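Per-entry structural report
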Amino acid sequence: MTSLRPFHATDVFKFNPTNLDPLTETYDLNFYFSYLARWPHLFNVAEGLDGTIDGYIMGKLESSPSYYINSEHYLPFHAHITALTVAPHARRLGLARTLSSSLENSGDEYDAWFVDLFVRKSNKVAQGLYKGLGYSVFRVVKDYYNDDPTDETKDSEDGWDMRKQLKRDVHGKHVRSDGEKYMVSPDDVW
């Protein structure tokens with residue numbers, strides 16, 4: 001049985017097996033600790049009975065800066081999934097759904113408009129997962145990632161900005177069903 005709990009600083013010594021996946025984005029320790037300091041209630045792990053980390057989610061709440069408010073790319077207050085990963089041995093058990101639901105519920109509690117995330121264009125497994133959880137592509141960010149694990153001759157890969165509306169967005173103003181038609185540059189993404 002797996003249980004959810006807040007991420008602890010010492011978890012950085014235990015989550016490497018979960019991160020050992022070519023499609024899992026990994027970061028330096030300062031990045032993990034900055035999330036733990038700023039959004040501890042949105043950084044959670046799924047822990048197995050033996051203490052292994054079966055998965056984790058790093059989330060945050062944000063909006064574009066006020067000087068960006070007149071831009072067509074302005075982002076209102078929303079929740080963001082920075083990282084969601086499940087260890088290979090714990091996949092297909094519903095942990096990704098449970099972890100993402102925890103962030104979606106927090107987003108609703110804070111009256112956010114939507115939850116968003118970025119996923120590689122080549123990561124069909126993650127795209128299928130997120131679509132199954134109710135996310136849709138809002139826009140394609142050209143050359144969002146600085147590498148392309150599927151093609152060593154390329155220096156970058158496109159990213160999909162996927163979103164799921166929350167309770168506040170009653171009319172679905174911040175989601176699209178045809179987002180793959182909307183291309184933006186990384187400079188347009190705050």
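Below you will find a few notes about this structure. (Residues numbered from 1 in each chain as written. Predicted model: local features only at pLDDT ≥ 70, side-chain atom pairs only at ≥ 80, totals over all residues. Heavy atoms only, no water.)

1. Points about the side chain of Gln127
On the secondary structure map, Gln127 appears in helix α4 (residues 124-132). Take Gln127: its relative accessible area is 4%, and that puts it in the buried class. Looking at Gln127, its side chain comes within polar contact range of the main-chain oxygen of Arg120, at 2.9 Å. Among all residues touching Gln127, those that are not within four sequence positions of it are Val119, Arg120, Lys121, Ser122, Trp160 and Met162. (Helix = DSSP H or I, 4+ residues; strand = E, 2+ residues; numbered from the N terminus. Buried < 20%, exposed > 50% of the residue type's maximum accessible area, 1.4 Å probe, protein only. Polar contact = N/O pair within 3.5 Å; in protein donor to acceptor, adjacent residues only side chain to side chain. Contact = heavy atoms within 4.5 Å.)

2. Notes on the side chain of Asn123
Within the fold, Asn123 resides in the loop between β5 (114-120) and α4. Polar contacts involving the side chain of Asn123 include one to the main-chain amide nitrogen of Ala126, which spans 3.1 Å.

3. Some thoughts on helix α3 (residues 95-109)
Relative to the 21 Å expected for 15 residues at 1.5 Å per residue, α3 spans 21 Å between its end C-alpha atoms, a close match to the ideal helical length. Residues of α3 that are buried include every one of Leu95, Ala96, Leu99, Ser100, Leu103, Glu104, Ser106 and Gly107, and no others. Following α3 by one or two positions, Asp111 adopts a phi angle in the positive range, close to 60°. (Expected span 1.5 Å × (residues − 1).)

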